[in-house]
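Listed below are the residues making up each chain.
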Amino acid sequence: MEDGDQVVKKFMYMNRKAPYGTIYALESLEVVLIAAAFDQDVSLVFADDGVYQLMKGQDTDDIGMKNFSPTYSALGDYDIKKIYIEKESLEERGLTLADLQELKYEDEDDDWAEKDSIHLVTRAELADVIDAQDVVFSF
Amino acid sequence: MTMLHTVNKSPFERNALDSCISLAKAGSSILLTEDGVVGAMQGTSHSKKIEEAMANISFYVLGPDLKARGLSESNVVNGVKVVDYSGFVDLAADHESVQSWL
Amino acid sequence: MPIEVDGQSYETDEEGYLANLNEWRPELATAMAQADGADLDENHWEVINFLREYYEEYQIAPAVRVLTKAIGKKLGKDKGNSKYLYELFPYGPAKQACKYAGLPKPTGCV
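Here's a quick rundown of the structure. (Residues numbered from 1 in each chain as written. Chains lettered and ligands numbered in written order. Predicted model: local features only at pLDDT ≥ 70, side-chain atom pairs only at ≥ 80, totals over all residues.)

### So, the interface of chain C and chain A
What counts is decided by this rule: This entry defines residue contacts through backbone-placed C-beta atoms, with two residues in contact when those atoms are within 7 Å. For helices the rule is a DSSP run of H or I covering at least 4 residues; for strands it is a run of E covering at least 2, with both sets numbered from the N terminus onward.
Contact with chain C, which involves 11 residues of that partner, is made by 11 residues of chain A. At the level of elements, helix H2 (42-58) and helix H3 (64-75) of chain C are the ones that each hand at least two residues to the side of chain C that touches chain A. In terms of residue count, the dominant contributor to the side of chain C that touches chain A is H3 of chain C (3 residues).

### Some points on the packing of H2 of chain C against H3 of chain C
Residue and element names in this part refer to chain C. Here is the rule we go by: Angles shown run from 0 to 180 degrees and are taken between the N-to-C directions of axes, each axis being a line fitted to C-alpha atoms and, for helices, limited to the stretch in contact. Note that the term roughly parallel is reserved for angles under 35 degrees, roughly antiparallel for angles over 145, roughly perpendicular for angles of 65 to 115, and oblique for everything else. Each residue is assigned to one of three groups, with Ala, Val, Leu, Ile, Met, Phe, Trp, Tyr, Cys and Pro labelled nonpolar, Asp, Glu, Lys and Arg labelled charged, and all others, Gly among them, labelled polar.
Direction vectors running N to C along H2 and H3 enclose 110 degrees, while the axes themselves pass 11 Å from each other. By the angle between their axes, H2 is roughly perpendicular relative to H3. On the side of H2, the interface is formed by Glu46, Val47, Phe50 and Tyr54, while H3 contributes Ala70, Ile71, Lys74 and Leu75. A class-by-class count of the residues in the contact of H2 with H3 yields 6 nonpolar, no polar and 2 charged.

### Structural notes on the environment of aspartate 109 of chain A
Residue and element names in this part refer to chain A. Operational definition: Once C-beta atoms are placed from the backbone, each residue is buried if 20 or more other C-beta atoms lie within 10 Å of its own, exposed if 12 or fewer, and partly exposed for counts between those two.
Within the element layout of this structure, aspartate 109 appears in the loop between strand E6 (104-107) and strand E7 (113-116). Overall, the presence of 6 C-beta atoms within 10 Å leaves aspartate 109 in the exposed class. With 19 residues separating them along the chain, aspartate 109 and leucine 90 place their C-alpha atoms 32 Å apart.

### Considerations on the sheet that holds strand E5 (residues 97-101) of chain B
All names here are of chain B. Operational definition: At least two bridges found by DSSP between two strands are what make those strands a pair.
Taken in spatial order, the 5 strands of this open sheet run E4-E3-E2-E1-E5, and their pairing is parallel. Of all the strands in the sheet, the pair left with one neighbour each is strand E4 (81-83) and E5. Geometrically, the sheet is characterised by an average inter-axis angle of 25 degrees between neighbouring strands, direction not taken into account.

### Points about the pairing of strand E1 (residues 3-7) of chain B
Residues and elements named next belong to chain B. Under the convention used in this document: Look down the strands so they point away from you; if the path from the first strand over the helix to the second goes clockwise, the crossover is right-handed.
Across the 5 residues that make up E1, a large majority, 4, are buried. One ladder, built from 5 bridges, connects E1 with E5; its direction is parallel. Opposite valine 7, over in E5, you have tryptophan 101 as the bridge partner. By the bridge criterion, 4 bridges tie E1 to strand E2 (residues 29-32) in an arrangement that is parallel. Residue pairing in the sheet places threonine 6 in a bridge with leucine 31 of E2. Considered for its hand, the β-α-β crossover made up of E1, helix H1 (residues 16-23) and E2 is right-handed.

Put into structure tokens, the structure is as follows:
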């Protein structure tokens, strides 16, 4: 896909780990925010234990670590509008979308209307989304 | 001899909890910490293992790690006891040895 | 090098960013600006306060592009452009204003 002189590639960040026990979740978020400056076609996936990253009501006061979950709400400001959650991963964990934060973006082309960034997809649908990417980063 | 086993990895990601349950002797205790706390939750595809093992083994979960992950104490498998850090210390002191599963 | 304000000392990193966000006071921003040879007016404060609110909500300092867009939305189009922000903060709006606001250096900042 060409956008002026610039080549736009499809980049996907695949998040599969619970937060806080390892550094993967935070590292992924930082890379996503930095790479957002490059104006590429970015999507995020939360699958397997990665779905825990978006749990509502995280409170890290007692474990002495920074709670970075509020930062996911800023992704819309960084023009990251495609966030895929794998349905089976939620089900295996007894969770539903209602347990997760809502993530929104404002659509420039539609009078800044707020729209949902989150797409609930099945494993089979996710396989197709992954297949269409140029680059997939694994965290 | 009573042993306290600690598991700090998610059962969805590693089989440490499985191995721990199958090798823990009756009368011993298992404490779930860090990402291991997700194994304590009700209604997951792993909940049944804890429910079954609870007949012979006492289960504990570290409250601060639940709270950090937005997991509610009221949604842990029935019979799993929530402890804080000083409860962790008491458990370690009350058992003859501590085995950390990686 | 620590900053001294009213006889109290505040820890900073090697680039002059405040080590502990919670220690921030408006007087610190004024002192940092004076060290850079600048006086803060209400337009500077608007941006500094905006950054502190943004951090409070999202736990990050916004990238300059995000800051520009958000300022435009909140304070009006005439302020939501890099010319305006660079005039206020010639060392780079994200970098310099974040420093005065007591925030860490923005992730991937320019």
